[in-house]
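Below are the chains, spelled out letter by letter.
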Amino acid sequence: QVQLVESGGGLVQAGGSLNLSCAASGSIFSIDSMRWYRQAPGKQRELVAGITSGGSANYADSVKGRFTISRDNAKNTVYLQMNSLKPEDTAVYYCNADLRTTIRSPTFRFWGQGTQVTVSS
C-alpha cells in the first residue's frame with residue numbers, strides 16, 4: 001500500500017509564502033518523477049511543477065520565478081516553496097509520484113488527497 005500525504009496548505013495574504021510538503025510512504029522500491037498540480041473551483045486540474053529523480057525541474061509559466069520545487073529522495077518527499085503568492089494561486093494543490101513498488105513492478109502514478117491553499121487579496 002502506498003500513500004502520498006500533502007501538508008502545509010493554509011490561508012495567506014497576497015505577497016506571502018507557503019511551503020507545501022508531500023511525503024510518500026508504504027511499499028516503495030523507487031520513485032521517478034514527482035509533481036505538483038492544482039485545481040481551482042470550476043477549473044481543470046493543471047500542472048504547476050515537476051521534478052525528476054535527478055533533480056531537473058520544470059514549471060508552469062504562471063509560477064516561474066515565484067515557486068520552487070525540490071525533493072529529498074532519502075525521505076521520499078517533494079516540496080513546493082511558494083513565494084509572492086497571488087489570489088489566483090488559490091486552489092487545492094495535489095502531488096503525484098511515478099513509482100515502483102518492487103524491482104519488477106511497472107511504474108504506477110499515485111496521487112495525494114490534496115491540500116487547500118487560499119490567498120486573500
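Everything below is about the structure printed above this text.
This write-up is about the structure you can find in this document. (Residues numbered from 1 in each chain as written. Predicted model: local features only at pLDDT ≥ 70, side-chain atom pairs only at ≥ 80, totals over all residues. Heavy atoms only, no water.)

### Quick notes on the sheet that holds strand β8 (residues 77-82)
Now for step 1: In spatial order, the strands read β1-β3-β8-β7; together these 4 strands make up an open sheet with antiparallel pairing. The open sheet has two edge strands with one neighbour each: β1 (2-7) and β7 (67-72). The average angle at which neighbouring strand axes cross in this sheet is 15°, direction not considered.
Now for step 2: Sheet topology note: the β7/β8 ladder contains 6 bridges and is antiparallel. Among the inter-strand pairings, Arg71 is bridged to a residue of β8, identified as Val78. (Pairing = 2+ DSSP bridges. Helix = DSSP H or I, 4+ residues; strand = E, 2+ residues; numbered from the N terminus. Axes fitted to C-alpha atoms, helices over the stretch in contact; angles between N-to-C directions.)

### Topic: the packing of aromatic side chains
Now for step 1: Applying the stated criterion across every chain, the model contains 1 aromatic pair.
Now for step 2: Taking the centre distance of 5.0 Å and the plane angle of 55° together, the rings of Tyr37 and Trp111 count as tilted. Highlighted residues: Tyr37 in strand β4 (residues 30-39) and Trp111 in strand β10 (residues 108-111), separated in sequence by 74 residues.
Now for step 3: Positioned above the aromatic ring of Tyr94, the side-chain terminus of Arg45 is 3.8 Å from the ring centre.
Now for step 4: Across the ring face of Trp111, the terminal group of Arg45 is positioned such that the distance to the ring centre comes to 4.8 Å. (Phe/Tyr/Trp six-rings, centres within 6.5 Å; stacked < 30°, edge-to-face > 60°. Lys NZ or Arg CZ within 6 Å of the ring centre and 35° of its normal.)

### Quick look at the nonpolar core
Now for step 1: One finds Trp36, Val48, Phe67, Val78, Leu80, Met82 and Tyr93 to be the most contacted residues of the largest nonpolar core, which totals 29 residues.
Now for step 2: Looking at this core, the elements that each hand over two or more residues are β1, β3 (18-26), β4, β5 (46-51), β7, β8, β9 (91-100) and β11 (115-120).
Now for step 3: Top contributing element to this core by residue count: β9, with 5 residues. (Core = buried A, V, L, I, M, F, W, Y, C linked by side-chain atoms within 4.5 Å. Buried < 20%, exposed > 50% of the residue type's maximum accessible area, 1.4 Å probe, protein only.)

### Let's talk about the state of the cysteines
Now for step 1: Enumeration according to the criterion identifies 1 disulfide in this entry.
Now for step 2: Across the disulfide from Cys22 sits Cys95; the S-S distance is 1.9 Å. Its S-S torsion of approximately 50° makes the covalent link between Cys22 and Cys95 right-handed. On the criterion of sequence distance, the pair formed by Cys22 in strand β3 and Cys95 in strand β9 is long-range, its members being 73 residues apart.
Now for step 3: With a relative accessible area of 0%, Cys22 lands in the buried category.
Now for step 4: Taking the relative accessible area as the measure of exposure, Cys95 reaches 0% and is therefore buried. (Disulfide = S-S within 2.5 Å.)

### A short note on the environment of Thr101
Now for step 1: With respect to the helices and strands, the residue Thr101 is situated in the loop between β9 and β10.
Now for step 2: According to the relative accessible area criterion, Thr101 is partly exposed, its value standing at 25%.
Now for step 3: Taking C-alpha positions, Thr101 is 4.8 Å from Phe29, a pair spaced 72 residues apart along the chain.
Now for step 4: Ignoring any residue separated from it by four or fewer positions in sequence, one finds Thr101 in contact with Val2, Ser27, Ile28 and Phe29. (Contact = heavy atoms within 4.5 Å.)

### Regarding the environment of Val5
Now for step 1: Along the chain, Val5 turns up in strand β1.
Now for step 2: Taking relative accessible area as the criterion, Val5 reaches 41% and is therefore assigned partly exposed.
Now for step 3: Separated by 71 residues in the primary sequence, Val5 and Asn76 have C-alpha atoms spaced 11 Å apart.
Now for step 4: Ignoring any residue separated from it by four or fewer positions in sequence, one finds Val5 in contact with Ser21, Cys22, Ala23 and Gln113.

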